[in-house]
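Topology and contacts: notes
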Amino acid sequence: MNDDEAVLLEIDDGVATITLDRPDERNALSRAVADGLRDALDEVDGSDARCVVLEGAGGTFSAGGDIEAMVEGIKGDMPVEERVRVVERAYNRTIQRLAEFPLPTVALVDGPAIGAGASLAIACDLQLASERASIGFSFRAVGLSVDSGTSYLLPRLVGENVAKELVFTGEIVDAERAAELGLVNHVYPAEEFDERAADLLDEGASGPTVALRHAKRLLGRGLEQSLSAALADEAAAQASAFDTADHVEGVEAFFEGREPEFEGR
């Protein structure tokens, strides 16, 4: 992607890094950013990438909704129905594409993630934060309800009671508190953030891709189906994983007492 686009994509050694690149707008989830993110994910889907990283440029992950668009909305005469369609096009499709993306996804939160930006972070499978990070579902600050999948994603991470408190108060929590609540997996010192995150990303990019795709899908559905249905899904997934070169490599490596070298097939 060109440097003048809202979202940048780089694929290197199995890791697809997607960067929200509107630092002057604090990487707000504008229509351009939302469209660029979906386009980047589409490009990754047809590549040899084995995991996805989402980050923000300029010291902010994402400040949430596009405030300039909100100002235009309250000054204009856009019908409510059209505003709903804008939300669906800009936010909903993007969040759903990210949350359901087949590869493992990791949010690198090195700065504020607010409102829809926080929702974007928790739509990823894992969240890694630096000590500079902060997260808040502060939709109330602009007199709005939640969107961007917050009502679905947030209670699944922190439980319904905590989710309500975070939304009702609009509290912006620091990285350590976010980790305590389960909003992020790890918090790293700022000066070690890139290195520590890279270590974990290496694990994702060198894993058994087919098996991890199945595992992601199964874990995502696990809360919404019966045990018997989950067991049946797991059996079908394992049947598929049994038939991969990575399974053969994993078994051989185990008996040879060495680390497996998965090829993602």
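Residues numbered from 1 in each chain as written. Predicted model: local features only at pLDDT ≥ 70, side-chain atom pairs only at ≥ 80, totals over all residues. Heavy atoms only, no water.

What to know about the pairing of strand 1 (residues 7–12)
Short version of the rule: A pair of strands counts as paired when DSSP detects no fewer than two bridges linking them. Under the DSSP-based scheme used, a helix requires at least four consecutive residues in state H or I and a strand at least two consecutive residues in state E, with every element numbered from the N terminus.
Alignment of strand 1 against strand 2 (residues 15–20), held across six bridges, turns out to be antiparallel. Bridging across to strand 2, Ile11 finds its partner in Ala16. In this antiparallel pair of consecutive strands, strand 1 and strand 2, the connection spans two residues, and Asp13 shows a positive phi of 55°.

Topic: the packing of helix 5 (residues 150–158) against helix 6 (residues 160–169)
Note the cut-off: Where helices are involved, their axes are fitted lines through C-alpha atoms of the stretch in contact, as for all axes, and angles between N-to-C directions lie from 0 to 180°. In what follows, roughly perpendicular refers to angles from 65 to 115 degrees, roughly parallel to angles under 35, roughly antiparallel to angles over 145, and oblique to any angle outside these ranges. Here a crossing is called left-handed whenever its near helix is offset anticlockwise from the far helix by less than a right angle, and right-handed whenever the offset is clockwise. The contact rule is simple, with two residues in contact once any of their heavy atoms fall within 4.5 Å.
Here helix 5 crosses helix 6 at 125°, and the two axes come no closer than 7 Å. Here helix 5 is positioned oblique relative to helix 6, judged by the angle of their axes. Relative to helix 6, helix 5 is oriented so that their crossing is right-handed. Contact with helix 5, carried on its side by Thr150, Leu154, Pro155 and Val158, involves Glu160, Val162, Ala163, Leu166 and Val167 of helix 6 and no other residues of that element.

So, the sheet that holds strand 2
Reading across from one edge, 1-2-3-4-6-9 is the order of the six strands in this open sheet, with mixed pairing throughout. Each edge of the open sheet carries a strand with a single partner, namely strand 1 and strand 9 (186–188). Within the sheet, the average angular offset between the axes of one strand and its neighbour, ignoring direction, is 20°. Here strand 4 (residues 105–109) runs beside strand 6 (residues 126–130); their pairing, made up of four bridges, is parallel. The partner of Leu108 across the bridge, within strand 6, is Leu128.

Structural notes on a nonpolar patch on the surface
Definition in use: Surface patches are drawn from residues lacking salt bridges whose relative accessible area is over 30%; two like charges belong together within 9 Å, two nonpolar side chains (Val, Leu, Ile, Met, Phe, Trp, Tyr) within 5 Å. Each accessible area is a Shrake-Rupley result for a 1.4 Å probe, and residues are judged covered by the shown protein chains and nothing else. Any carboxyl oxygen of Asp or Glu within 4 Å of a side-chain nitrogen of Lys or Arg constitutes a salt bridge here.
A contiguous nonpolar patch, built from Val251, Phe254 and Phe255 and spanning about 380 Å² of accessible area, is present on the exposed surface. Within the secondary structure layout, Phe255 lies in helix 11 (residues 245–256).

Re the sheet that holds strand 7 (residues 134–136)
Ordered by their spatial adjacency, three strands build an open sheet running 5-7-8, and the pairing between neighbours is mixed. The outermost strands of the open sheet, each flanked by one partner alone, are strand 5 (112–114) and strand 8 (172–174). Ignoring strand direction, the axes of neighbouring strands in this sheet form an average angle of 15°. With three bridges connecting them, strand 5 and strand 7 associate as parallel partners. In the sheet register, Ala113 faces strand 7, and the bridge partner there is Ile135.

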